[in-house]
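Below are the chains, spelled out letter by letter.
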Amino acid sequence: MEKKCKSIVWFRRDLRIEDNPALAAVARDGTVLPVFIWCPKEEGPYHPGRVSRWWLKHSLIHLQQSLRSLGAELVVIKAETTLSALLDCISAVGATKVVYNHLYDPISLVRDHNIKQKLVELGIEVQSFNGELLFEPWEVYDDNEQAFTTFNAYWEKCMNVQKDPVSHLPPWRLALAEGAGMNTSIEALNLENESEKSSNALLGRGWSPGWSSADKTFTEFVEHHLLNYSKDRLNVGRNSTSLLSPYLHFGELSIRKVFQSVRMKQLVWKNEQNTVGEESATFFLRAIGLREYSRYICFNFPFTHERSLLSSLQYFPWDSNQAHFKAWRQGRTGYPLVDAGMRELWATGWIHNRIRIIVSSFFVKFLLLPWQWGMKYFWDTLLDADIESDILGWQYISGSLPDGHELERMDSPQVQGFKFDPEGEYVRQWLPELARMPAEWIHHPWDAPLSVLKSAGVDLGSNYPKPLIDMDLARDRLTEAIATMHGKEAAGKAAVTDGTDEVVFDNSEPHEKVAVSKAVTRERKPCPASSSHDQRVPSMRNANSMIQNRKRPNPGEDGRALKDNLNSCNIGKQVSKMADEDLCSTAESSSSKKAMTNSRISFSVPRNCSSMSTSAPYPVPDSSDHNDSWHEEVGTGEMSSKNGTSNLQISGKQIIHEEES
Ligand SMILES: Cc1cc2nc3c(=O)[nH]c(=O)nc-3n(C[C@H](O)[C@H](O)[C@H](O)COP(=O)(O)OP(=O)(O)OC[C@H]3O[C@@H](n4cnc5c(N)ncnc54)[C@H](O)[C@@H]3O)c2cc1C
């Protein structure tokens, strides 16, 4: 019936042909114009970093070739606004329909909603599909229709949903909608500028972007590595995990395909009573579940890219020390495991999850630097930089999630070094200046006898830094900061309940106290063309009704207060624990039980998103000023010559060949 329909298929982070629901839908309908619009202004502070843009460039080239072989041409446009580019395409080919796959990050949510409204007002049909998740974030709620705030409860619910993911067949031929004359070349997008090319060349040795590489990497992983994933994934220095994160971020691999293949393996291993294999598949599915959960959190609590989910952190006295921030970025903190991780990150654009946890925890707990700064730096340097997963990771380690690490938990990089890199091979690989240190001292060179340092050629304070901060001092500072935070929080509450005029200002956000929001998933303003597949947006309902926080128990609270707190919850699983080795990812251990209380506030579309291009990136002291400078700082001689890392022409997969710890 709609054979003559002309449709625009708008590619974003779904750079694949297989199981791409938007592409599959229009391929059946009539003629198609595939479009990719590059509009950096709209990304605001989340403009992709160097390595991420390198990946995008190569993935687009690959997609363009694939579409060409199907009979269509990917139109690539550099635009001031996405809406204007889409309107140009619509009028150029006389399209009547625009289709795309959903995104859930706070910036895309607002942009997509506004674009959809505008197009519908202009009489253009708009259809959107689930191309990136097993479960839409508005499909999974607890018994009280509240959004989950702990991963285990969320994933348990997901795994009990009686729904088989349905994949879409790839089109075998596309009929191109003729007439688009605004195409530009991928090169002209300037995703990679001249000065970046030499650094980027290294990336190409270890990674090959594009959906067919994604398929190959996944098949190889399932056939050869999945079986031992439950054990291997804990090793930092070897090819121990799937390395699928950049592919999944750019939508080069269908998550439904991943789920189905791993599930199939799991069943086979179960039938064979292969408990190792079955457990590995369960762990891997949970890793995939964390990716789902990251979208879930961002959709249901869309302020989390700039504020912690647990509101008590708003009173934390962050130390905005630029010198410490710089030393961390450059891998010059004097803690070898942290420094090795930061240098690997810079050189390869990827680090193991455990290393992410170690360097990010050090950032927050040792240096007391605002977690949003670290999050933004990761965003700029990771190949798999993904707003939602980055947010989840940083919130997890900074005491911002009910089931994450406690803020007071402080892991020693020295102890972790001996645990995860017992021979020091990982450190030696990334810190050549410590290459001759014996394993016994490599994770704490400051304790080594002078004779050992001398024969290893290490001169602390000269060719390798002394620790930026002493462990005991750091612990004291953290304890003091937490006490300050609790004091301010209590004073803030007292001021509210006493009705006194005293105002305790939040050091990061003076104007608003934030409680965990309750998810309400009603369309803000339904578009006429909406269908059950359509993208939903966070509701504006009850945006002003604030109530108590969902939070961990305060160490100062007495048992009764805590009990009252818990009794006031109407959710059954207030105490939740993320399994240690289990939580696939964000934790290597979560030591104590955490309680939380309930909240009833609904969220609104985040303040800063609708005008992302102009708004300040963070409510905390802004690190964006340092954005450009850190590239220079870390990228130039300091990294490559002083530390001797220039000969480490290794990236991604190639570097990972360590022994099991
Ligand atoms: C502070 C911090 C920041 C992080 N930032 C990012 C980021 O920007 N982008 C990103 O993709 N991941 C991020 N992660 C999560 C995790 O470290 C990576 O997804 C993982 O290391 C990627 O390697 P892999 O593909 O080999 O993982 P595997 O262990 O093979 O897992 C398979 C897939 O599951 C998903 N996954 C696994 N663990 C997590 C997790 N903790 N959170 C969300 N998804 C997960 C990823 O898509 C991953 O590709 C971050 C973690 C922390 C602690």
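Residues numbered from 1 in each chain as written. Predicted model: local features only at pLDDT ≥ 70, side-chain atom pairs only at ≥ 80, totals over all residues. Heavy atoms only, no water.

Asker: How should the overall build of the chain be read in this particular structure?
Answerer: Scanning the chain from N- to C-terminus turns up 25 helices and eight strands. Taking all 661 residues of the chain together, the buried fraction comes to 60%. Considering only residue pairs separated by 6 or more positions, the chain has 82% of its internal contacts joining residues 24 or more positions apart. When the accessible surface of the chain is totalled, it reaches about 25,300 Å², and 51% of it is carbon and sulfur. (Helix = DSSP H or I, 4+ residues; strand = E, 2+ residues; numbered from the N terminus. Buried < 20%, exposed > 50% of the residue type's maximum accessible area, 1.4 Å probe, protein only. Contact = heavy atoms within 4.5 Å. Areas by Shrake-Rupley, 256 points an atom, 1.4 Å probe, with all protein chains shown as cover.)

Asker: What is the right way to read a negative patch on the surface from this model?
Answerer: On the surface, a cluster of negative charge is contributed by D470, D472, D476 and E480. Take D472: it is sitting in helix α22 (residues 471-498). (Patch = residues over 30% accessible without salt bridge, like charges linked within 9 Å, V, L, I, M, F, W, Y side chains within 5 Å. Salt bridge = Lys/Arg side-chain N within 4 Å of Asp/Glu carboxyl O. Lys, Arg positive; Asp, Glu negative; His and termini not counted. Charge placed at Lys NZ, Arg CZ, Asp CG, Glu CD.)

Asker: I'm lost on empty space enclosed by the protein in this one. Help?
Answerer: Over the atoms rolls a probe the size of a water molecule, and its path tells where empty space is left. What the rule picks out here adds up to eight cavities of 30 Å³ or more. Reported here for the second largest cavity is a volume of approximately 270 Å³. In terms of lining, the second largest cavity is formed by 21 residues, of which the most central are R12, R13, F36, W38 and E43. Broken down by element, the residue count for the lining of the second largest cavity peaks at three residues, all from strand β2 (residues 30-38). (1 Å grid on protein atoms, 1.4 Å probe; cavity = no way out; pocket = protein on both sides within 12 Å on 5 of 7 lines; lining within 4 Å. Points joined across faces, edges and corners; volume = space filled by probe spheres on them.)

Asker: Can you help me understand the environment of C158 in this one?
Answerer: Its place among the elements puts C158 in helix α6 (residues 151-160). With 131 residues separating them along the chain, C158 and G289 place their C-alpha atoms 8.6 Å apart. Setting aside residues up to four positions removed in sequence, C158 forms contacts with F135 and V140.

Asker: I tried to follow the site of the ligand on my own but got confused; where do I start?
Answerer: By nearness alone, 28 residues border the ligand, and Y229, T241, S242, L243 and N353 come closest of all. Contact distances for the ligand include 2.6 Å between an oxygen atom and a side-chain N or O atom of T241. The separation between an oxygen atom of the ligand and a polar main-chain atom of L244 is 3.0 Å. At the level of secondary structure, the elements contributing two or more residues to the shell around the ligand comprise α10 (245-249), α12 (275-300), α15 (353-366) and α17 (387-397). Looking at the shell around the ligand element by element, the count peaks at five residues for α12. The residue makeup of the shell around the ligand, split by class, is 14 nonpolar, nine polar and five charged. Formed jointly, the shell around the ligand draws a minimum of three residues from each of two domains, domain 1 (5-168 + 178-300) and domain 2 (322-475). (Near = heavy atom within 4 Å. Polar contact = N/O pair within 3.5 Å; in protein donor to acceptor, adjacent residues only side chain to side chain. Nonpolar A, V, L, I, M, F, W, Y, C, P; charged D, E, K, R; others polar. Domains from an automatic or database assignment.)

Asker: I tried to follow the side chain of R286 on my own but got confused; where do I start?
Answerer: Residue position: R286 is located in helix α12. Look at R286 and you get buried, because its relative accessible area is 12%. Within polar-contact distance, the side chain of R286 engages the side chain of N152 at 2.8 Å.

Asker: Just to check I follow, could you spell out the packing of aromatic side chains for this structure?
Answerer: Each aromatic ring pair is summarised here by two numbers: the centre-to-centre distance and the angle between the ring planes. Counting across every chain of the model gives 35 aromatic pairs. Ring centres 6.3 Å apart and planes at 75° place the aromatic pair W54 and W55 in the edge-to-face group. The pair W54 / W55 is uniform in exposure class, with both members buried. Relative to Y293, the ring of F151 has its centre 5.5 Å away and its plane inclined at 65°; by these criteria the two rings are edge-to-face. Of this pair, F151 sits in helix α6 while Y293 is found in helix α12, placing the two residues 142 residues apart along the sequence. Feature note: the residues F325, W328, F363, W373, Y377, F378 and W394 constitute an aromatic cluster, connected by ring pairs. If you follow R329 out to its NZ or CZ, it ends over the ring of F325, 4.4 Å from the centre. One cation-aromatic arrangement involves R354 over F420; the distance from NZ or CZ to the ring centre is 3.8 Å. (Phe/Tyr/Trp six-rings, centres within 6.5 Å; stacked < 30°, edge-to-face > 60°. Lys NZ or Arg CZ within 6 Å of the ring centre and 35° of its normal.)

Asker: What should I look at first to understand the confidence of the model for the chain in this one?
Answerer: The predicted coordinates ought not to be read in detail in places where the model reports low pLDDT. In this model, the chain carries a mean pLDDT of 79, and residues with pLDDT of at least 70 account for 75%. Contacts from residues 500-529, a stretch scored under 50 in pLDDT, to residues over four places away or in other chains number 103 contacts. Overall, residues 634-661 carries pLDDT values under 50, and its contacts beyond four positions in sequence, including any with other chains, amount to 80 contacts. (pLDDT = per-residue confidence, 0-100.)

Asker: It is not clear to me how the packing of helix α14 (residues 336-348) against helix α16 (residues 371-381) should be interpreted in this structure. Could you clarify?
Answerer: What describes two packed helices is the angle between their axes and the distance between those same axes. Remark: α14 packs on α16, axes separated minimally by 9 Å, with the N-to-C direction vectors making an angle of 40°. It follows from the interaxial angle that α14 and α16 lie oblique. Every residue of α16 that contacts α14 at M342, L345 and W346 is listed here: Y377, F378 and T381. Of the residues assigned to the contact of α14 with α16, the class counts are five nonpolar, one polar and no charged. (Axes fitted to C-alpha atoms, helices over the stretch in contact; angles between N-to-C directions. Parallel < 35°, antiparallel > 145°, perpendicular 65-115°, else oblique.)

Asker: Please clarify how the environment of T96 should be interpreted in this entry.
Answerer: Within the fold, T96 resides in the loop between α4 (82-93) and β4 (97-101). A relative accessible area of 44% means that T96 is categorised as partly exposed. A C-alpha to C-alpha distance of 9.9 Å links T96 and L119, two positions 23 residues apart in sequence. T96 has contacts with C5, K6, I124 and E125, leaving out every residue within four places of it along the chain.

Asker: Looking at this structure, I do not really get the pairing of β2. What am I missing?
Answerer: Residues in a regular strand project their side chains so that they alternate between the two faces of the sheet. Counting buried positions along β2 yields eight of nine residues, so the element is predominantly enclosed. With two bridges connecting them, β2 and strand β6 (residues 175-176) associate as parallel partners. From the neighbouring strand, V32 faces β6, where its bridge partner is L176. Pairing of β2 with strand β3 (residues 75-78), which is carried by four bridges, proceeds in the parallel orientation. Bridge assignment links W38 to a residue of β3, and that residue is K78. (Pairing = 2+ DSSP bridges.)

Asker: Help me understand the UniProt feature "site: Electron transfer via tryptophanyl radical" (unreviewed entry) in the chain, please; the structure alone is not making it clear to me.
Answerer: Taken from the UniProt record, the annotation "site: Electron transfer via tryptophanyl radical" (unreviewed entry) applies to W318, W371 and W394. Among the secondary structure elements, W371 is positioned in helix α16. In this view, W371 contacts T304, E306, R307, S308, L313, W318, F363, V364, W394, Q395, S398 and S400; residues no more than four positions away in its chain are not counted. Looking at where W394 falls in the secondary structure, it is placed in helix α17. W394 sits in the buried class, given a relative accessible area of 1%. Among residues more than four places away in sequence, those in contact with W394 are W328, S360, F363, V364, W371, G374, M375 and F378. (UniProt positions renumbered as here; feature names shortened; annotations may be inferred.)

Asker: I'm lost on the nonpolar core in this one. Help?
Answerer: Counting residues in each nonpolar core, the largest one holds 146 residues, and the members touching the most others are F316 and W328. Here the element with the most residues in this core is α12; it accounts for 11 residues. Two domains each donate at least three residues to this core, and these are domain 1 (5-168 + 178-300) and domain 2 (322-475). In this view, W328 contacts T333, V338, M342, V359, F362, F363, L367, G374, Y377, F378 and W394; residues no more than four positions away in its chain are not counted. W10, I115, V120 and A177 belong to the second-largest nonpolar core, a separate cluster that totals 23 residues. (Core = buried A, V, L, I, M, F, W, Y, C linked by side-chain atoms within 4.5 Å.)

Asker: Sorry if this is basic, but what is going on with unusual backbone geometry here?
Answerer: What you tend to see is this: most non-glycine residues have negative phi, and most peptide bonds are trans. A positive phi angle is found at N190, which is not glycine, with a value near 60°. Here N190 falls in the partly exposed class, since its relative accessible area comes to 49%. One non-glycine residue with positive phi stands out, namely L368, at about 55°. Considering the arrangement of structural elements, one finds L368 in the loop between α15 and α16.

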